[in-house]
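# Working through the structure, step by step
Listed here are the chains, written in short residue letters.
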Amino acid sequence: MDVKIEQSWKNALAGEFGKPYFASLVRFLHGEKAAGKVIYPPGGEIFRAFELTPVDKVKVVILGQDPYHGPGQAMGLSFSVKDGIPAPPSLKNIFKEIEDDLGIRMSGRPNLENWARQGVLLLNSVLTVQAGMPTSHSRIGWQEFTDAVIKYISDNCSGVVFLLWGRFAAEKAALIDTSRHYVLTAPHPSPLARGAFFGCKHFSKTNQILASQGKEPIDWQL
């Protein structure tokens, strides 16, 4: 597997790449591909979140669980899909909350790269998935890697806003030093949560927190 990752992250996570679990993870993915299994996202996009949001630019972290498992959807950014692909239901609900919270109109464009370039690390806890099989790679080592990412941010950055949606994401709060950072939790934006996500106002709250630190707020409008 070609670990295409931005240099600041390569430096920050150098210790992880040399650990046995990461070598095992790479062997597993090579084996799956050799067996003809389709893996999402494509190899060059697995670390896309890190490419677009260098360590020193991280202002917000939005944590997802694992990539979309449908054709052409996963692109290495949590909740995001490529232009031309219909927005999945969770993303539609995120857009609806932004509109209600900020009083703006979203274009419906499902590609969230613009958020990433502003300092929103769109991190999935698991970075790959087998086509058509959600959570199929949840136990191959990715969570050890992404837990290390969260811990690195917690230990080495300051004033980052972590948006943790749903029970799975909320469990990661234990990795975050809340004396240095801000943690906002809410139910998951999935329709399965029956609208419990709506009204969390995380987007205005995030911008208020950033502004209070003298940081540039996020332009959430796409």
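Relevant structure appears above.
Everything in this summary refers to the structure shown in the same document.

Cut-offs applied
- Residues numbered from 1 in each chain as written.
- Predicted model: local features only at pLDDT ≥ 70, side-chain atom pairs only at ≥ 80, totals over all residues.
- Heavy atoms only, no water.
- Buried < 20%, exposed > 50% of the residue type's maximum accessible area, 1.4 Å probe, protein only.
- Helix = DSSP H or I, 4+ residues; strand = E, 2+ residues; numbered from the N terminus.
- Pairing = 2+ DSSP bridges.
- Contact = heavy atoms within 4.5 Å.
- Phe/Tyr/Trp six-rings, centres within 6.5 Å; stacked < 30°, edge-to-face > 60°.
- Lys NZ or Arg CZ within 6 Å of the ring centre and 35° of its normal.

## Observations regarding the pairing of strand 2 (residues 60-64)
Here strand 2 lies mainly inside the structure; 5 of its 5 residues are buried. Side chains of strand 2 alternate between two faces, with Val60, Ile62 and Gly64 and Val61 and Leu63 buried alike. As paired elements, strand 2 and strand 3 (residues 120-124) share 5 bridges and run parallel to each other. Considered in strand 3, the bridge of leucine 63 is made with leucine 123.

## Here's the deal with the side chain of asparagine 124
Within the secondary structure layout, asparagine 124 lies in strand 3. Overall, asparagine 124 belongs to the buried group, its relative accessible area being 8%. When residues no more than four places from it in sequence are discounted, the contact partners of asparagine 124 are Leu63, Gly64, Gln65, Asp66, Pro67, Leu77, Ser78 and Thr146.

## Focus on the packing of aromatic side chains
Enumeration over the complete set of coordinates arrives at 17 aromatic pairs. For the ring pair phenylalanine 50 and phenylalanine 145, a centre distance of 6.1 Å and an interplane angle of 65 degrees mean the geometry is edge-to-face. Of the two residues, phenylalanine 50 sits in helix 4 (residues 48-52) while phenylalanine 145 sits in helix 7 (residues 142-156), which places them 95 residues apart along the sequence. Phenylalanine 145 carries the same exposure label as phenylalanine 50, and that label is buried. In textbook terms, an aromatic cluster arises when at least three aromatic residues are bridged by ring pairs, as seen for Trp9, Phe17, Tyr21, Phe22, Phe47, Phe50, Trp142 and Phe145. Note that lysine 96 overlies the ring of phenylalanine 198, its terminal NZ or CZ placed 4.8 Å from the centroid.

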